[in-house]
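The chain contents come next:
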Amino acid sequence: MTLLPADVAQVLDVLLPEGHPLRTQFPHLRVESRCRCGCSTALFAGVQDGARSEVVAEAAIGSDGEVLLFAEDGRLTWLEVCSWTDPKLTLADAARFLAGEPADPS
């Protein structure tokens, strides 16, 4: 997963553990765009319309939010962080939390 940004790669690694069939897509994923609001939501390259995507994996980020991974027709489409608090959580925050690392002091 070296071609993916570190935050995206770390979150995907936790959401889809070794042996999960969707992991075979990791080497082929490219982040095409990221949300401008600061949450770092990532849309993977080649996605025409993520509106029909369904959640295939999710994880809570403590009591502050959750991270969701979407796929359509078995193809990973996007990764999203949902914040329930301010400031908004980012994928980097999710990666740190899921890895059991301390929160970012900033």
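Throughout this document, residue positions are counted from 1 along each chain, in the order its sequence is written. Selection of residues for local features in this predicted model requires a pLDDT of at least 70, selection of side-chain atom pairs for listing and counting requires 80 or more, and totals for whole chains, interfaces and linings are taken over all residues. The basis for every side-chain value is the complete set of non-hydrogen atoms in the structure, without hydrogens or water.

1. Remarks on the packing of aromatic side chains
Defined as follows: To pair, rings of Phe, Tyr and Trp, with the six-membered ring standing in for Trp, must have centres within 6.5 Å; the planes then decide the type, stacked if under 30 degrees apart, edge-to-face if over 60, and tilted in the middle. We call a residue buried when its accessible area falls under 20% of the maximum for its residue type, exposed when it is over 50%, and partly exposed in between, using a 1.4 Å probe and counting protein chains only.
A full pass over the atoms with the stated rule returns one aromatic pair. Note on F70 and W78: the rings are 4.0 Å apart at their centroids and 5° apart in plane angle, and the pair reads as stacked. Here F70 and W78 have matching classes, each one buried.

2. Digging into the sheet that holds strand β4 (residues 65–72)
Here is the rule we go by: Strand pairing is assigned whenever DSSP identifies at least 2 bridges connecting the two strands. Runs of H or I in DSSP of at least four residues are treated as helices and runs of E of at least two as strands, each being numbered from the N terminus. To get an axis, a line is fitted to the C-alpha atoms, and for a helix only the part in contact is used. The angle between two axes follows their N-to-C directions and goes from 0 to 180 degrees. We call two residues contacting when some pair of their heavy atoms lies within 4.5 Å.
Spatial ordering of the open sheet is given by β1-β2-β5-β4-β3, a layout of five strands whose pairing is antiparallel. A single partner strand is all that each edge strand has here, and the edge strands are β1 (31–34) and β3 (54–61). Here the average twist between neighbouring strands, direction ignored, is 15°. Sheet topology note: the strand β2 (residues 42–44)/strand β5 (residues 75–83) ladder contains two bridges and is antiparallel. Across the sheet, residue A42 finds its bridge partner in β5, namely L79. Helix α2 (residues 91–98) rests against β1, β2, β3, β4 and β5 of the sheet, and its axis sits at about 70° to β3.

3. As for α2
Since there are 3.6 residues in each turn of an α-helix, residues three or four apart along the chain are aligned in direction. As a reminder, the rule being used: By definition, the arc is the one covered by directions from the helix axis to the C-beta atoms. Polar contact criterion, stated in full: a pair of N or O atoms within 3.5 Å, where within protein one must be able to donate a hydrogen and the other to accept it, and residues adjacent in sequence count only if both atoms are side-chain atoms.
Among the residues of α2, L91, A94 and A95 are the ones counted as buried. Axial view of α2: buried residues confined to an arc of 100°, hence all on one face. The inward-facing, buried residues of α2 contact α1 (6–15), β1, β2, β3, β4 and β5. Residue T90 occupies the N-cap position of α2, its side-chain oxygen lying 3.3 Å from the main-chain nitrogen of A92. Of the residues flanking the end of α2, it is G100, one or two places downstream, whose phi is positive at about 80°.

4. Section: the pairing of β4
The buried fraction of β4 is high, at eight of eight residues. Side chains G65, V67, L69 and A71 of β4 all project onto a buried face; the interleaved residues E66, L68, F70 and E72 project onto the opposite face, where all are buried too. As paired strands, β3 and β4 are joined by seven bridges and run antiparallel to one another. Each bridged residue has a counterpart across the sheet, and for A60 the counterpart in β4 is E66. Where β3 folds back on β4, the antiparallel hairpin that results is connected by three residues, among which G62 adopts a positive phi of roughly 60°. Taking the residues between adjacent antiparallel strands as the criterion, β4 and β5 are bridged by two residues, where D73 takes a positive phi near 50°.

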